[in-house]
Amino acid sequence: MHSGVSAFSGHYTAHIRKQDCWYSFNDTNVNKLRGKKLNLSKEESLDFDPEASASSLPNDGKKKCNRSKNAYMLVYQNKAFIQSTKDLQPSPVPQNIVQKVSVDNEIMSAGYQDTQIKQTEEMMRVELKKDQISEMWEGLKVAEDSSENFYMVPVAWLTELLKDWSDIKPIDSRPLLCRHGKLNWSQPSKYKVISQKQGEFLYKMFSNKDTVVLNREDGLCYECVRNQLVWRRQKVKADEDNKRISSLLSAANEKKASVSSKSSTHYWVSKVELRKWRSRVLKPLEKAAQPTDNDRKGETVNGTENNEDKDKSFDRIAENMEEDEEAFNSEIRCEHGCLDTADKHRQLVPQSVWDIFLEYFPDAISFTSLEPKCAQCLGDAQKLVEMEDQRKTLVKEERQLLSDLASLRNRPIVGSLTTDTVYCLSSASYKQWKAFLRNPLSSTLASIENSTLLCPHDKLCVSPSDESSIILLWPYEWDVLSSHFPCSMVIQVKAAGKENDTPYITVPDMCPGCLHSRLLSVELESHVFENERIYVRLLEEDSKESKTPNNMEDTPTSEEEIHSECKKPKLDLTQCGQTSRALGAPALTGSLVSHRKSARRKHVRGDKHLKVSSRMTLKDLRVELVKLFAIAPFDQMLTLDGRKLEGDDMSLTELKLYPGCLLFLKGETYDEGHLELALLQQGVMEEGFRGTGLMS
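(A) Seen up close, the overall build of the protein chain. The helix and strand inventory of the protein chain stands at 17 helices and 21 strands. Relative to its 696 residues, the protein chain shows a buried fraction of 35%. Sequence separation of 24 or more characterises 75% of the internal contacts of the protein chain that already satisfy a separation of 6 or more. If you sum the accessible surface of the protein chain, you get close to 44,700 Å²; carbon and sulfur atoms cover 51% of it.

In C-alpha cells form, the structure reads like this:
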C-alpha cells in the first residue's frame, strides 16, 4: 500500500493475512487489524511527513514511524520457522568437496613455506648490505688532524648510493658550484667531505664528462666570499651613516637651520633619495654577493674562471651594477638640466649630510640653496596657469550661454522644426563637453568629433531622432560651441518643404543601407545581456488583460511606458526660453518641449523581479517563475509587448527580451502537493527514487 502525492515519493506499507487475521506491517510496527469489515484497499492515515529527515521520530505520543527520503526495503521473517530449524543437524559434507579442500590446503602450505624461505633470504641480504654500508661509512670518514687530500660529494647523491648502488647515477656536483665554478660557500649542508681513498674510488666509478671533481685544492670560491664580506661590511657602514643623517637632520630642524637664499652651505636633495639611498647603495652589492647568479661577469665553464674582475673593489662592482641607473639626485633636475620648480619634492640638508652622500655617490647632481629655478620651466608653468584661467573663464561663459544644452532642456524635435536648420552633435562629443564643464583642467576635449556619425560612404548613418547617438543643437548653440572648439564635420538637419515626403532633410544625406545595418546591430546588442533584471506581473483570472494580451492598455507593457508614467519635473517655459530668445532661439510651445525621462522604474504592487541572462532558454525562465508564483511550467502563459512567448528551447535573445522589460504571466496557481506532482511530470524526480525504474 502506497501513501504520497506520486510514485516518486511517499511511504509503503503491507497487509498480510495469517489464520483468518489481517496484520498491518508499517516499518518496525506490526499491528493486528481488528473488526469484521476491513477496507484494506483504502489508504490509512500514516501520519507521514515526507520532509522529515530523522529516521525515527515521535508524533505527539503516537506510535513511532520510520521516515526516509531514500528508497529502502524491509524484510520480515517468521519467528516460528526460525525456532523450528534451530535444532536441525547439519548434513554430511560430500566427499568430493572434502578432497578439493584438502588439495587446496596442501597448495597453501607449500606457498607458505616458499614465502618463509624468501623472507629469510631477504633478511640475510639486508644484514649483509647493512654491514657493507657500515664498512663503507667508516671508510668515508676523514681524521681531523689528517694532512691528506680529501674530496667532496653531494649529500643527495651519497644518500642514494647508500640505499642501493645497483642503479646509481653519475655524480653531479654542479648544484654545489657558484657562478665562478668553485664550491659554493652558502651550501655547506649539501656536500659531504670524504677520505681521499674513497673519493678517488667514487669519482672513478661514478663520473662522466660533465662531472666536476671537488677536492681539497678547490676550497671555497674566493670571489664569492670576498663579495659577501664587502656587502656585509658596507651594510653595517650604511646603517651607521643612516643614523648619523637622521640625527643631523633632526638637529638642523630644531635649530631652524633652513638657510636663507644668501647661504651656500646647504644643498637640495630629493625626498625620494633621502628615503631610498641605502637601498640604492646595497642592492648592487647584494646582487654581486649572490653565489648562484649566472648573469654576472666572471661566469665559468667547467671550473675555468675568467680572472679579469677578481680584484675589483666594491666601488667598481657598484659602478658596473648601476651603469644603467640615473645619477643620484636626478629627480630634482628638470628636463633642461636646471633645478626643478616643484619645492615639495626636495629638502635642504646641511653640508655634513651632503658630504656623507658624496662618499657613496661621487657623481651626484648638486644644487645649492642659491641655485635659481629653471627659467624656462617657470615660463611654462606661467603659461599653464594662464591656460587654466582661460579654460575656467570659457566654462563660465558656456555655462551661462548653453545652460539649456547642459541640462538637455528646450531641445529641437525632428518633425516639428520651427527654424530652417538645426545642427547635430555626437553623444560622445557631448559627454566630453559635459566633462569639460565639470573639470576643465583635466578634460581632454580638443575638438568636436562628428565623424563617428558618418558611414564609410561619408554619409549620415544615424537617424537625427536617435537621442542615444545625436544631440540636436539650435543655431545659436552651435555658433557658440564651434567658436570655442574646432569641428571635424558639420551635420545639419533642415526642415523639408511640402513637396518632400519626409519632414526633414540632412546635410550630408543619410545612407539607407548603413542606417538599416546599424539599427539591426543596435537591436541585437539590446537583446544580449548578462545577469540583468526583468519584471513579471501576474494577471488575475477576471482581469481583462488576461483574455487578450493586446488589450493591456491600462498597464504599461514595456520599460519605456513604465518610465512615461513617472512624474516629470515641471518646466518653467518663460525662464527656460529667456536666454534662448535673447540669443535668437525660437520661443517654446508645450508640444515642442522634450522632457528628460526618469531612470527610476515605477513600483507596482504584485510585480516581482528576477535576474536572468540572454543565454537562458524559455524553459529555464519558466522553472525560475515556478519558484516565484507556484505555477507549473506547462500552465504558464507569458506575453511581452502584446505577443505570446513560445518555444521552450529558444533563448531569451531569440525571443527579444531586454533588460528591464515587463512580462505578463497568466496561469493557475497550485498548492504545495499539486505543484510537486506537476514538477514530477516535467521530469523532476526525488533523489531517493532515482534509478528505481518505477515509471518504466
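We are not done yet, so read on.
(B) Structural detail: the sheet that holds strand β21 (residues 662-666). The strand order across the open sheet built from five strands is β18-β17-β21-β19-β20, with neighbouring strands paired in mixed fashion. Two strands close off the open sheet at either side, each with one partner strand: β18 (608-612) and β20 (643-644). As defined by bridge partners, strand β19 (residues 637-640) adjoins β21 across three bridges and the pair is classed as antiparallel. Paired with T639 across the bridge in β21 is F664. Against the sheet, helix α16 (residues 618-629) engages β17 (532-538), β18, β19 and β21, with an angle of about 145° to β18.

(C) View of the pattern of salt bridges. Evaluation of the coordinates by the stated rule reveals 18 salt bridges. D172 is the salt-bridge partner of R174, the closest N and O atoms lying 3.0 Å from each other. The partner of E477 in a salt bridge is R411, with the nearest N and O atoms 2.7 Å apart. Here E477 is found in helix α12 (residues 475-484), whereas its partner R411 is found in the loop between α10 (403-406) and β13 (421-426), with 66 residues between them in sequence. Here E477 falls in the buried class, since its relative accessible area comes to 0%. One connected set of salt bridges, linked through shared partners, spans K237, D241, R244 and E359.

(D) Geometry of the packing of helix α2 (residues 95-140) against helix α3 (residues 155-163). Taken N-terminus to C-terminus, the directions of α2 and α3 make an angle of 145°; their axes are 10 Å apart at the nearest point. Only L158, L161, L162 and K163 of α3 make contact with α2, whose side of the interface consists of K129, I133, M136, W137 and L140. Its residues assigned to classes, the contact of α2 with α3 shows seven nonpolar, no polar and two charged.

(E) Representation of the packing of aromatic side chains in the model. Per the counting criterion, the structure on display carries 11 aromatic pairs. Where Y267 meets W354, the ring centres are 5.1 Å apart and the plane angle is 10°; that geometry is what we call stacked. Highlighted residues: Y267 in strand β11 (residues 266-270) and W354 in helix α8 (residues 351-360), separated in sequence by 87 residues. Residue Y267 is classed as buried on the basis of its relative accessible area, which comes to 14%. With centroids separated by 5.8 Å and ring planes inclined at 75°, the aromatic side chains of W277 and F357 adopt a geometry described as edge-to-face. Of this pair, W277 sits in helix α6 (residues 271-288) while F357 is found in helix α8, placing the two residues 80 residues apart along the sequence. According to the relative accessible area criterion, F357 is buried, its value standing at 0%. An aromatic cluster of three or more residues is present, and its members are Y267, W277, F328, W354, F357, Y360 and F361.

(F) Summary view of the side chain of S270. Looking at the element boundaries, S270 is found in strand β11. By relative accessible area, which is 1% here, S270 ends up buried. Ignoring sequence-local partners within four residues, the contact set of S270 consists of N329, E331, I332, H345 and R346.

Rules behind the numbers
- Residues numbered from 1 in each chain as written.
- Predicted model: local features only at pLDDT ≥ 70, side-chain atom pairs only at ≥ 80, totals over all residues.
- Heavy atoms only, no water.
- Helix = DSSP H or I, 4+ residues; strand = E, 2+ residues; numbered from the N terminus.
- Buried < 20%, exposed > 50% of the residue type's maximum accessible area, 1.4 Å probe, protein only.
- Contact = heavy atoms within 4.5 Å.
- Areas by Shrake-Rupley, 256 points an atom, 1.4 Å probe, with all protein chains shown as cover.
- Pairing = 2+ DSSP bridges.
- Axes fitted to C-alpha atoms, helices over the stretch in contact; angles between N-to-C directions.
- Salt bridge = Lys/Arg side-chain N within 4 Å of Asp/Glu carboxyl O.
- Nonpolar A, V, L, I, M, F, W, Y, C, P; charged D, E, K, R; others polar.
- Phe/Tyr/Trp six-rings, centres within 6.5 Å; stacked < 30°, edge-to-face > 60°.

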